[in-house]
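Structure at a glance
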Number of protein chains: 4
Amino acid sequence: MSPSDSLPPSHPDSLPPSRPTYLGPNQYGKAENRVVRITREGATHHVKDLNVSIALSGDMDEVHYSGSNVNVLTTDAMKNTVYAFAKEYGIASAERFGMHLARHFVSSQESIRRARIRIEEYTWERITEQHSFVRKGQETRTTEISYDGETWQVISGLTGLVVMNSTDSEFWGFAKDKYTTLPETQDRILATEVNARWRFGRPGDDGADPAPDWDSRYAEVRRLLLEAFAGTYSLSLQQTLYTMGTRVIEGVPEIDEVRLSLPNKHHFLVDLAPFDLKNDNEVYFAADRPYGLIEGTVLRDGAQARIPITD
Amino acid sequence: MSPSDSLPPSHPDSLPPSRPTYLGPNQYGKAENRVVRITREGATHHVKDLNVSIALSGDMDEVHYSGSNVNVLTTDAMKNTVYAFAKEYGIASAERFGMHLARHFVSSQESIRRARIRIEEYTWERITEQHSFVRKGQETRTTEISYDGETWQVISGLTGLVVMNSTDSEFWGFAKDKYTTLPETQDRILATEVNARWRFGRPGDDGADPAPDWDSRYAEVRRLLLEAFAGTYSLSLQQTLYTMGTRVIEGVPEIDEVRLSLPNKHHFLVDLAPFDLKNDNEVYFAADRPYGLIEGTVLRDGAQARIPITD
Amino acid sequence: MSPSDSLPPSHPDSLPPSRPTYLGPNQYGKAENRVVRITREGATHHVKDLNVSIALSGDMDEVHYSGSNVNVLTTDAMKNTVYAFAKEYGIASAERFGMHLARHFVSSQESIRRARIRIEEYTWERITEQHSFVRKGQETRTTEISYDGETWQVISGLTGLVVMNSTDSEFWGFAKDKYTTLPETQDRILATEVNARWRFGRPGDDGADPAPDWDSRYAEVRRLLLEAFAGTYSLSLQQTLYTMGTRVIEGVPEIDEVRLSLPNKHHFLVDLAPFDLKNDNEVYFAADRPYGLIEGTVLRDGAQARIPITD
Amino acid sequence: MSPSDSLPPSHPDSLPPSRPTYLGPNQYGKAENRVVRITREGATHHVKDLNVSIALSGDMDEVHYSGSNVNVLTTDAMKNTVYAFAKEYGIASAERFGMHLARHFVSSQESIRRARIRIEEYTWERITEQHSFVRKGQETRTTEISYDGETWQVISGLTGLVVMNSTDSEFWGFAKDKYTTLPETQDRILATEVNARWRFGRPGDDGADPAPDWDSRYAEVRRLLLEAFAGTYSLSLQQTLYTMGTRVIEGVPEIDEVRLSLPNKHHFLVDLAPFDLKNDNEVYFAADRPYGLIEGTVLRDGAQARIPITD
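Predicted, not measured: the structure shown is a model, and the values here were computed from it.

Another point: the overall build of chain A. When helices and strands are tallied, chain A shows five helices and 13 strands. The principal-axis extents of the C-alpha atoms in chain A amount to approximately 80 × 65 × 40 Å. Taking all 311 residues of chain A together, the buried fraction comes to 61%. Across chain A, contacts joining residues at least 24 apart in sequence account for 64% of those joining residues at least 6 apart. Surface exposure of chain A reaches about 11,500 Å², of which carbon and sulfur atoms provide 46%.

Let us look at the relation of the copies chain B and chain C. Expressed as a screw operation, the relation of chain B to chain C combines 0.0 Å of axial shift with a rotation of 180°, fitting to an RMSD of 0.0 Å. As the rotation angle and translation indicate, the two copies are arranged about a two-fold axis. Nearest to the rotation axis, the C-alpha of T310(B) is located 3.3 Å from it, this being the minimum over chain B.

So, on to the domain arrangement of chain A. Residue and element names in this part refer to chain A. Per the domain assignment, the segments making up chain A are domain 1 (3-122) and domain 2 (127-265 + 278-299). The straight-line distance from the C-alpha centre of domain 1 to that of domain 2 is 29 Å. Surface buried jointly by domain 1 and domain 2 totals about 2,300 Å² across both partners, of which 52% is contributed by carbon and sulfur atoms. When the buried surface of domain 1 facing domain 2 is broken down by residue, E95, M99 and R103 rank first, second and third, together holding 29% of it. Here domain 1 and domain 2 share five salt bridges between them. At the boundary of domain 1 with domain 2, the tally comes to 10 residue pairs in polar contact (both at pLDDT 80 or more).

Listed as interface residues are nine residues of chain A and, on the opposing side, nine residues of chain C. Summed over both sides, the interface between chain A and chain C buries roughly 810 Å², with carbon and sulfur atoms accounting for 58% of that surface. Looking at the side of chain A facing chain C, the largest losses of area belong to F275(A), D288(A) and R289(A), adding up to 56% of the total buried there. Here chain A and chain C share two salt bridges between them.

Residues and elements named next belong to chain B. Pairing of strand 3 (residues 44-58) with strand 4 (residues 112-122) involves 10 bridges; the strand directions are antiparallel. Looking at the pairing, I54 lines up with I117 of strand 4. For strand 4 and strand 7 (residues 140-147), the ladder comprises seven bridges, and the chain directions are antiparallel. Considered in strand 7, the bridge of E121 is made with R141.

Time to look at unusual backbone geometry. The linkage connecting R289(A) with the following residue, P290(A), adopts the cis geometry, with an omega of -5°. Topologically, P290(A) is positioned in the loop between strand 12 (283-286) and strand 13 (291-300). Positive phi, normally seen in glycine, also occurs at N281(A), with a value near 55°. Inspection of the secondary structure puts N281(A) in the loop between strand 11 (267-269) and strand 12. The backbone of D168(D) sits at a positive phi, close to 65°, despite the residue not being glycine. Inspection of the secondary structure assignment puts D168(D) in the loop between strand 8 (152-165) and strand 9 (190-200).

The next subject is the interface of chain B and chain C. Contact residues are listed per partner, giving 85 residues for chain B and 86 residues for chain C. Summing both partners gives a buried area of about 7,200 Å² for chain B against chain C, and 52% of it is carried by carbon and sulfur. In this assembly, chain B and chain C are joined by two salt bridges. Between the two partners, chain B and chain C, sit 45 residue pairs in polar contact (both at pLDDT 80 or more). Tallying contributions element by element places strand 1 (residues 21-31) of chain B first for the side of chain B that touches chain C, with 11 residues. Grouping the constituent residues of the side of chain B that touches chain C by class yields 35 nonpolar, 31 polar and 19 charged.

Thresholds applied
All chains use their own residue numbering, which begins from 1 and follows the written sequence. Lettering for chains starts from A, numbering for ligands starts from 1, and both go in the order in which the items are written. Only residues with pLDDT of at least 70 are given local features in this predicted model, and only at 80 or more are side-chain atom pairs given and counted; all residues enter the totals for whole chains, interfaces and linings. In computing side-chain properties, one takes all heavy atoms of the structure into account and sets aside hydrogens as well as water. Starting at the N terminus, helices and strands are each numbered in turn, a helix being any DSSP run of H or I of at least four residues and a strand any DSSP run of E of at least two. Between buried and exposed lies partly exposed: a residue is buried under 20% and exposed over 50% of the maximum accessible area for its type, with that area taken using a 1.4 Å probe on protein chains only. Any two residues whose heavy atoms approach within 4.5 Å at even a single point are treated as in contact. Working definition of accessibility: Shrake-Rupley area with a 1.4 Å probe, residue cover restricted to the visible protein chains. Residues reaching a pLDDT of at least 70 in both copies supply the C-alpha atoms on which the copies are superposed by least squares. An automatic or database domain assignment provides the domain bounds reported here. Accessible area that two parts lose when put together, evaluated with a 1.4 Å probe and summed over both, is termed the buried area. Between Lys or Arg on one side and Asp or Glu on the other, a salt bridge is scored when a side-chain nitrogen of the former is within 4 Å of a carboxyl oxygen of the latter. By the criterion applied in these results, polar contacts are pairs of N or O atoms within 3.5 Å in which, for protein atoms, one can donate a hydrogen and the other can accept it, and in which residues neighboring in sequence qualify only through two side-chain atoms. A pair of strands is considered paired only if DSSP assigns at least 2 bridges between the two. Throughout, the ten residues Ala, Val, Leu, Ile, Met, Phe, Trp, Tyr, Cys and Pro are labelled nonpolar, Asp, Glu, Lys and Arg are labelled charged, and all others, Gly among them, are labelled polar.

Okay, here's the thing in structure tokens:
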């Protein structure tokens, strides 16, 4: 149907001249497949609990232009694949499981050239029985696997880890314009919700096993982030952010890049003077909105910024 | 203005005969006051983080009928009181703090005859520094204090504690009607979100200190709930519920009543036969909705059901 | 097993003397069954979109004490019933549909003595085609049906209807204590989220059809609530609440009781003086928390307060 | 401090050789400033209700590396600017207001080279009085303004517009692998939540006023999206997506690019055969998760894809 058969289908000149639009970047898949994998080791049970989202892209022009589904693997089949693979491969870690899926879709479907698998993991702790668990913690562990048939990209992370330093945070010496009213302070609460992603420089290949021990890397990064936050005498949240990212890169050789998004969860010292009380950095109002939002990427010397951001 | 002056203002006969309506139960106050209290013990800091909601009731007819605010303490003043009291009294526990507030409003405002204080508490754990914290756990601790000038009611609780038994749960022998299709099972996952409230029989009086150690009671109840859940070979979630409530009452003499609301967070065994795989209680789909919802009150012998429920 | 066979099973004296607890109020069922019913009238389609929650109670001691499910209708069967009834009866209105379900469970299950059906309804508007719809509005329509084999209780309602008067609201003349700092005002924004429930005095019986036209009653109540809110020169949100409830009762003879829960969504006039600007009731900060919360019941003369509330 | 003064501060070689990391892309600002602007035209009031998020970037190395705030405009000042500008300029439209802010920050702060303003707008409809409003609809209107001192980028949009076609949707002829079980269908419900962003090719400049009438463009795009959805006989959601994007580009000359993210909100035909009922495309289960997610960009011939996406 195209005047120029040698042009890729998405090139504007390959479209009938009456069509004023063409298809740009696109992907599709089944999002938020909730899978729980139980492994029984005698009376001791292990649980892996994931939320798996799949997005595939490739030769998808036809289905967009004409509705022809010939090249379209159903999202329902992607869902089934998640459960079948949970049985066939088990879930050693979210990263490894995502790599199984990504490799499968890219290699088994001719029309699919790239797979992006996003996974959230919910952690469980044991209670008193070996088959009994309680959901742990506020943070959600994440990973995002991208594979195009040749190159792997693994970006792991966490969201929702709320932290607070009740002192050792100052904020002064800032620029002042006609709209600036904030008083300087030598002692304030610094509270934030750590949302972090980190990219592995050489994610490795599942089969040959140069891949890192994903679970222990996660624990290490989490530890380093918390320690850096706690241990930084902060003059600015940006400084804390940079220290946290640097601590991770210095501590984990496989990581090349860290992206942090840190809302400044403001705790305002309440003015108690109207009630003849002196508030000696004791009583705070924890505000919802607005909040400062500090976002930044920290890179290993020589590495490139690749973690996707929506500026 | 009323034909019968001796009747209470809310009695229908005390209203002008042309008014076809009268005021029923009512309350008002400031909801969700977020207060963070830091206590410095040298370099060691302690944090209490509460969400305090106040509801007062009493002689409120006038403000409803005519808009006269003469008897109305502003909700803004209630908010200020929360922060002032956080300074003046500190926050030893949510229960004690709520009792300070309840007593204050009922005794200081002539028009107020009853105060209900609801509090959610967010728990923080220490990181590496003595002034550094990370928010702990999924569950939110709660308390609800009611005071009418004479009697105290203290109902503490928790919400959002997600638990799972990966085995030791059966479900069979149930009633079958024409709409019943569920197969019986001898082995299923039992997962729920524990939402619990427990009422203290004799909450005691803050001044005289027969009041329980609220923090240690909370820890004890949480432990008993988890142990009962984990240790019950369950034939029905109702059975588990009753066992959990009983365990708490047996274990904590001050508690007279436990109300549990337990959604059955269904984990469906995925049919992998179409893929020539045998799912040996390994791979589950964790469903969102619908969910079973089992709610019940367990009472100490001789006690009355007083925890408010909306049937 | 009980020393006194003639006592109801839940009576403490009917339990083995070693059991220190007994079962109080309880219910169970399947919550949040999402059902969409399409009716085709030629090319014109009609849609009803409900979220149905079922709670049943009756002779449930056994399942709690021993785990015997003999009297237990599975919640899965309740779910199936929702879909089967959507086919068999259609969904004329949420109220009628709920009454079908309630009657069914109470009459068909010997152990069930009371059914409470809660329904949320999502409204759709038409787009350009007769089979095309867009979800309308913020508010969710609700109903709650209770039936015990003899008496019906129908409490309909709405949640999430956000309204604002940008003037015609004053707040002054209020009580002042040592924690009061709020300045009086003759002109403020009054914004709230209307959460309303109204109880029908004589819900009627589905078969004999003295039942109201539920859909038109809903539309009428919604209109009256909005008009009352808009048209009230407010001296206090309590006054507005009472006027809104009264307007509904006066306007709809079948309604005996209205319960309103109105958060005061504070809009604070921003102090622009530091920037040499005069804020002439023009620029406001819309706060999240805390918020005033005004709750009250308005009753028809002679009626009783029956809408469940958790004080 | 850098060995090479001519290198940009963020270049690795300008850092002390002992530092293994450097700062990558970064931005900061005040997020979610809730501003309500009332304009009184006699008794007729107008309301604009926005949620404004500001992110600035530029020469921010120092604050990250050393914590020096010399170049840092406080996020608190950004917040103040929102309210001051709401007074000074009014809020003609979200786009125009965002452009005022973006220009201000880039031109007034030497260290700031780029501003990105994101705005959500909540729409209000009138009730019976000229100062009374009710919040309209589910969808939230959005805009995102970017300015770097020379070039403007305006990407407007909407989120949360839920739509449904109850017929005129087929899905067959798709690829089948070993995990495919989905039956083909000639008649299904197609429901989705429209999340759309569209980029203006020449956003224009606020002063010279070649800028589009933002409000009428929004209404036009919304109309075109709904019509395209309703009027497309859909063989695949991708086809519907492409048709919707094309309709907008064809209908609004200023728009060069449309990005759509459409979850397939599955409505499953319930199997009523176990109850001897025939489900004739009448009764559906509306599922939560998982859901298909179809995302794609539609481009005007000759335009580039610039709307940020996180693949």
